[in-house]
Amino acid sequence: MMTLLDIKNLDISLQTAMGPARAVRNLNITMEKGETLGIVGESGCGKSMTALALMGLLPENAQTTGEILLSGEDLLTKTEKDMCKIRGNRMAMIFQEPMTSLNPVYTVGRQIMEPLRLHRGLSKSEAYDEAVRLLDRVGIPNPSERVYNHPHQLSGGQRQRVMIALALSCSPDILIADEPTTALDVTIQAQILDLIHSLVTEEGMALILISHDLGVIAENTQKVMVMYGGTIVESGETDHIFSELTHPYTQGLFAAMPKLGMGRKKRLTTIPGTVPDLINLPQGCTFTDRCPLASGGCRETMPGLSDLGNGHTVICHNLEQAKDTRNGELYS
Amino acid sequence: MTRTVLEVNNLVRHYPLPKESLFAKPRFVHALNGVSFKIEEGQSFGIVGESGCGKSTLARNVMALEDTDSGSVKILGNEVVGKSFDEIRPLRKDFQMVFQDPYGSLDPHHTVGRIVAEPLAALEPLTKSETAERVAEVLDSVGLKPTDIQKYPHEFSGGQRQRIAIARALITRPALIVADEPVSALDVSVQAQVLNLLRDLQESHGVTYMFISHDLAVVEYLCDEVAVMYKGSIVEKGRTEDIFANATHPYTQTLLNAVPQPGTGRHQVR
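Reading the values: rules and limits
- Residues numbered from 1 in each chain as written.
- Chains lettered and ligands numbered in written order.
- Predicted model: local features only at pLDDT ≥ 70, side-chain atom pairs only at ≥ 80, totals over all residues.
- Heavy atoms only, no water.
- Helix = DSSP H or I, 4+ residues; strand = E, 2+ residues; numbered from the N terminus.
- Contact = heavy atoms within 4.5 Å.
- Areas by Shrake-Rupley, 256 points an atom, 1.4 Å probe, with all protein chains shown as cover.
- Lys, Arg positive; Asp, Glu negative; His and termini not counted.
- Charge placed at Lys NZ, Arg CZ, Asp CG, Glu CD.
- Axes fitted to C-alpha atoms, helices over the stretch in contact; angles between N-to-C directions.
- Parallel < 35°, antiparallel > 145°, perpendicular 65-115°, else oblique.
- Left-handed = near helix turned anticlockwise from the far one by under 90°.
- Nonpolar A, V, L, I, M, F, W, Y, C, P; charged D, E, K, R; others polar.
- Buried < 20%, exposed > 50% of the residue type's maximum accessible area, 1.4 Å probe, protein only.
- Pairing = 2+ DSSP bridges.
- Expected span 1.5 Å × (residues − 1).
- Buried area = accessible area lost by both parts, 1.4 Å probe.
- Salt bridge = Lys/Arg side-chain N within 4 Å of Asp/Glu carboxyl O.
- Core = buried A, V, L, I, M, F, W, Y, C linked by side-chain atoms within 4.5 Å.

Caption draft 1: Inspection of the overall build of chain B at higher detail. Helices and strands together make up the secondary structure of chain B, namely 9 helices and 10 strands. At a minimum sequence separation of 6, the contacts of chain B that also span at least 24 residues come to 67%. Counting only carbon and sulfur atoms, one obtains 51% of the accessible surface of chain B, whose full area is about 12,400 Å². The average position of the 28 basic charges and that of the 34 acidic charges among the side chains of chain B differ by 4 Å.

Caption draft 2: Region of the structure containing the packing of helix α4 (residues 108-119) of chain A against helix α7 (residues 156-168) of chain A. All names here are of chain A. With their axes 8 Å apart at the nearest point, α4 and α7 run at an angle of 20° to one another. Between α4 and α7, the crossing angle belongs to the class labelled roughly parallel. Helix-helix and strand crossings are classified by hand; for α4 and α7 the assignment is right-handed. Note on element contacts: α7 touches α4 through Val162, Ala165 and Leu166, opposite Val108, Gln111, Ile112 and Pro115. For the contact of α4 with α7, a count of residues per class yields 6 nonpolar, 1 polar and no charged.

Caption draft 3: Here's a closer look at the pairing of strand β3 (residues 36-40) of chain A. Residue and element names in this part refer to chain A. For β3, the tally of buried residues reaches 5 of 5 residues, placing the bulk of the element in the interior. The side-chain alternation of β3 yields two buried faces, one formed by Thr36, Gly38 and Val40 and the other by Leu37 and Ile39. Here β3 runs beside strand β8 (residues 206-211); their pairing, made up of 5 bridges, is parallel. Bridging across to β8, Ile39 finds its partner in Ile210. Relative to strand β9 (residues 223-228), β3 runs parallel, the two being bridged by 4 bridges. By the bridge assignment, Ile39 is partnered in β9 with Met225.

Caption draft 4: Structural context of unusual backbone geometry. One non-glycine residue, Glu179 of chain A, adopts positive backbone phi at about 45°. Here Glu179 of chain A is to be found in the loop between β7 (174-178) and α8 (186-203). Within the chain, Leu76 of chain B stands out as a residue other than glycine whose phi angle is a positive 50°. Note on Leu76 of chain B: relative accessible area 24%, which makes it partly exposed.

Caption draft 5: Main features of α4 of chain A. All names here are of chain A. Between the first and last C-alpha of α4 there are 18 Å, a value that for 12 residues agrees with the 16 Å anticipated at 1.5 Å per step. Considered for burial, the residues of α4 that qualify are Val108, Gly109, Gln111, Ile112, Met113, Pro115 and Leu116. Here the buried face of α4 lies against α5 (124-137), α6 (143-146) and α7.

Caption draft 6: Looking closely at the interface of chain B and chain A. Contacts between the two partners involve 38 residues from chain B, matched on the other side by 44 residues from chain A. Roughly 3,600 Å² of surface becomes buried between chain B and chain A when both sides are summed, with 53% attributable to carbon and sulfur atoms. The tally of links from chain B across to chain A stands at 1 salt bridge. The residue Asp200 of chain B makes a salt bridge to Arg267 of chain A at a minimum N-O spacing of 2.8 Å. For the side of chain B that touches chain A, the secondary structure elements donating two or more residues are α6 (188-205), α7 (216-222), α8 (240-245) and α9 (250-258) of chain B. No other element matches α6 of chain B, which puts 10 residues into the side of chain B that touches chain A.

Caption draft 7: Looking closely at the nonpolar core. Judged by nonpolar contacts, the single largest core of 80 residues is most densely connected at Val116, Ile166 and Phe211 of chain B. Tallying contributions element by element places α6 of chain B first for this core, with 7 residues. Ignoring anything within four residues of it in the chain, the contact list for Ile166 of chain B reads Val98, Val142, Val194, Leu197, Leu198 and Leu201 of chain B. Membership of the second largest hydrophobic core comes to 39 residues, among which are Ala51, Leu54, Leu75 and Ile86 of chain A.

As structure tokens, this is what we get:
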């Protein structure tokens, strides 16, 4: 049995006027069918670039090295023509902003029919029937009337449901959801996450859920990767990570988040400084400038991967100290 | 004896929809259906609700940025509804606003010094040196350096830009700051810095906040009182602790249950 998705040493750099911006450094992911993986991090940490690289949708100024193996085939060496056959068919993506990712001048029915006719070779009437079935599947009422609606006639939650129907149309092996609920209200967010979860379980797809919201990740994934400045700083089983936050950044991120029920007595913990500039990253650990544990060698050399057992891995020079501060005094 | 900074009474705002045909009756979006509340000095009043529930319409009406259909808004006892812009201008130094988008709300052509000083130029006749003094003072209180005066907004990160926007709101020494989703465009680690800043400024300057957010955890952290809005009306209002501990309205309960919580080991029950 071949691994469904195997990303090896992926590096992405973007050529800019100010020099190369290293968006992703030395990324490794393996996923099997039916697994759910969460990628969490702040803006500019490389989450979305990773997703775009998988889909072969990187901007033109991007340069990649490494391998992205989908069932053994390297996607980075594929031609655009070959990628068109994979994209939407074996791998599909749900974007953050459902308003701008749907075409406003076509009916939603026509947009769902497009991949069905292209990838599955259905006739027009077959594709129409399938589009109605898919809309019904994602919980849109009156699907046979809604297929004739344009995106502006639907609410934000319904548009995101249409995006999900589109992504599901060819039963992909991997579904990538890039901040699928960030533009939605909490109640709608819960409905959409429920929908994605049940569809993924029924179809046995692998799901990559990208979000900056630790709560969304904690409740919807089995494994999680925390990214900072283009590198994975901590990864492992979701339940395990949230009970044993180890990397100084993960600890800070968790402490900085306002949580329901914490009241107003306590002050929020802050991580000093701001997210790093990807053009002038330090040679070593990208978190050095904001890390309370940073010591002499941090800036110069990249820390190695330490395994804490149960597949929980952390990249940090001062691992022992980081472990000792798990009870939350690191930033106080 | 604390004074009432903001008193809103039975505020109504309906937006007309385009007519479906020439003879059809005009239809309306009922953005605000008789909203009333009061904020005492030095308190933070949170307003939560989904998009489209009328939160931002409420902010614009309190700030007298658009015409109100009926009702009254009193800021420090002065009625603002039904007055012309010229009549309201002298009152504006008492109420200022911080917007959601720190990228769109600062003029990219102006230096930070000019952006921050602008409300003063409109509201208070001060000499150049007095203005410079006030600018330096507010920049210091929001944690920016005096050298930042010469810089332009693009040289700052999102969190720092929101500090500039807060400095601009603070410079007239207002009694009330209306903040419409001030942290929702920011990253988690930076969001915490801005939230702590807002709290510190309340302690040092005694400002009153009307704080609009869709994020319940943020409101719980910052606000003394909270009002839950749904379809243009306030459905529940009270002390933050009480609302979050014993929400009585079903809509508030739905909102609270929908918030994903990390670290509780909870998975969505499906």
